[in-house]
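One-letter residues, chain by chain:
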Amino acid sequence: SPGVGQTSCATGAGVIEIEPGEVAVIYNNVGLAVFGEDVDVSIEQGVLTFFPGFQRVVKLDVSPQILVMEGEENVDDDHVRKLTVRASDGSNFYFEKLEIHYQVIGSQAADVVARNGLWDAYKLPVRVHSREVLRDEFGRYSFLEIADPSTYGAATAQAKLALNARLNPLGIEVTNIPPPKPQFDERVEHAVEERQNAEQEVEVQVEKRHKLEQEKGRKVQQVEQAKNAEFQQLNAELEAQKKQAENEFIAAKREADLYFIQRQAEGSARKEE
């Protein structure tokens, strides 16, 4: 059967070739320590020898795998029907094509076989858990929210974490889920398009308002600078006029004082005369 080595008549040992992307799970059928642990995993590539009857070897594919959700029907273990999700607002949307990249964790190959079965039986829990987890994660949002690329990008990242939380204990690691673009029915697509256009128009108007506010600020600053310069000039002129008036006042006072002194002296002289 696939994955089990053939017996060598010359040496009494079995020989199996471990290809790139494969690991070998070696079972001790008799429980004797001389034949190793009860279950052992070999991740080395090349020829592996074992003792038929006393040992059993199962090969497991640990190369990268891709589960594709696309189309209306299941095709095979790696290609299943597209994912349809019910949004939080009750509407439905779907993904035309969604890929899940994953692989068996080589060091846990024995657990993978024990929990899932031989050969590619591990692909069943990947299909089951993937559909359930993705529906849960994407279904948290309304159709308007999920139409935002940043939202379904974040939902994809969260789905990968949630999926690994389920599959890692089974010896399987999800390596990547390229963010898929959700699709809606024609009515919803039209509503999403109108909303996106409206949001873009709002952004344009906000940008225009921002530019007008900046222009307003520049004009106010220019007027303030011009008026401030005018104020400084007028203030300087007034200070000069004030200084001139003070000088004229001092001169007039001196002249009046001199006149007073002269008249007083003339009056005194005339009185004495």
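To start, this report covers the structure provided alongside it. Note that this is a predicted model, so its numbers are computed, not measured.

**Brief notes about the pattern of salt bridges**
Tallied over the entire structure, the rule returns 12 salt bridges. One salt bridge connects Arg166 with Glu132, and the closest N-O pair in it is separated by 3.1 Å. Highlighted residues: Arg166 in helix H4 (residues 149-167) and Glu132 in helix H2 (residues 123-138), separated in sequence by 34 residues. In this structure Arg166 comes out as partly exposed when scored by relative accessible area, which is 32%.

**Digging into the sheet that holds strand S4 (residues 39-42)**
Taking strand neighbours across the sheet as the criterion, the three strands line up as S4-S3-S6 in an open arrangement whose pairing is antiparallel. Pairing within the sheet leaves two strands with one partner each, and these edge strands are S4 and strand S6 (55-61). Pairs of neighbouring strands in the sheet enclose a mean axial angle of 25 degrees, with direction left out of account. As paired strands, strand S3 (residues 22-28) and S6 are joined by seven bridges and run antiparallel to one another. Following the sheet pairing, Val23 is matched in S6 by Leu60. This element, helix H1 (residues 109-116), spans S3, S4 and S6 of the sheet and lies at about 70 degrees to S3.

**Regarding the nonpolar core**
Inside soluble globular proteins, nonpolar side chains tend to come together where they are buried. By size, the foremost hydrophobic cluster in this structure holds 40 residues, and its most contacted members are Leu60, Met69, Phe93, Leu98, Ile100, Leu134 and Phe138. Counting residues in each nonpolar core, the second largest holds seven residues, with Ala24, Ile26, Leu48 and Val57 among its members.

**Describing the packing of aromatic side chains**
In total, this model carries two aromatic pairs according to the counting rule given. Arranged with centres 5.8 Å apart and planes meeting at 85 degrees, the rings of Phe93 and Phe95 form a pair that is edge-to-face. The same class applies to Phe93 and to Phe95, which are both buried. Relative to Phe138, the ring of Phe95 lies with its centre 4.8 Å away and its plane at 50 degrees, an arrangement referred to as tilted. Of this pair, Phe95 sits in strand S10 (residues 92-95) while Phe138 is found in helix H2, placing the two residues 43 residues apart along the sequence. Among the residues examined, Phe95 registers a relative accessible area of 0% and is labelled buried. Relative accessible area serves as the criterion here: at 0%, Phe138 is assigned to the buried category. By the ring-pair criterion, three or more aromatic residues cluster together here, those being Phe93, Phe95 and Phe138. Looking at Lys82, its charged tip hangs above the ring of Tyr94, at a distance of 4.1 Å from the centre.

Rules used throughout
- Residues numbered from 1 in each chain as written.
- Predicted model: local features only at pLDDT ≥ 70, side-chain atom pairs only at ≥ 80, totals over all residues.
- Heavy atoms only, no water.
- Salt bridge = Lys/Arg side-chain N within 4 Å of Asp/Glu carboxyl O.
- Helix = DSSP H or I, 4+ residues; strand = E, 2+ residues; numbered from the N terminus.
- Buried < 20%, exposed > 50% of the residue type's maximum accessible area, 1.4 Å probe, protein only.
- Pairing = 2+ DSSP bridges.
- Axes fitted to C-alpha atoms, helices over the stretch in contact; angles between N-to-C directions.
- Contact = heavy atoms within 4.5 Å.
- Core = buried A, V, L, I, M, F, W, Y, C linked by side-chain atoms within 4.5 Å.
- Phe/Tyr/Trp six-rings, centres within 6.5 Å; stacked < 30°, edge-to-face > 60°.
- Lys NZ or Arg CZ within 6 Å of the ring centre and 35° of its normal.

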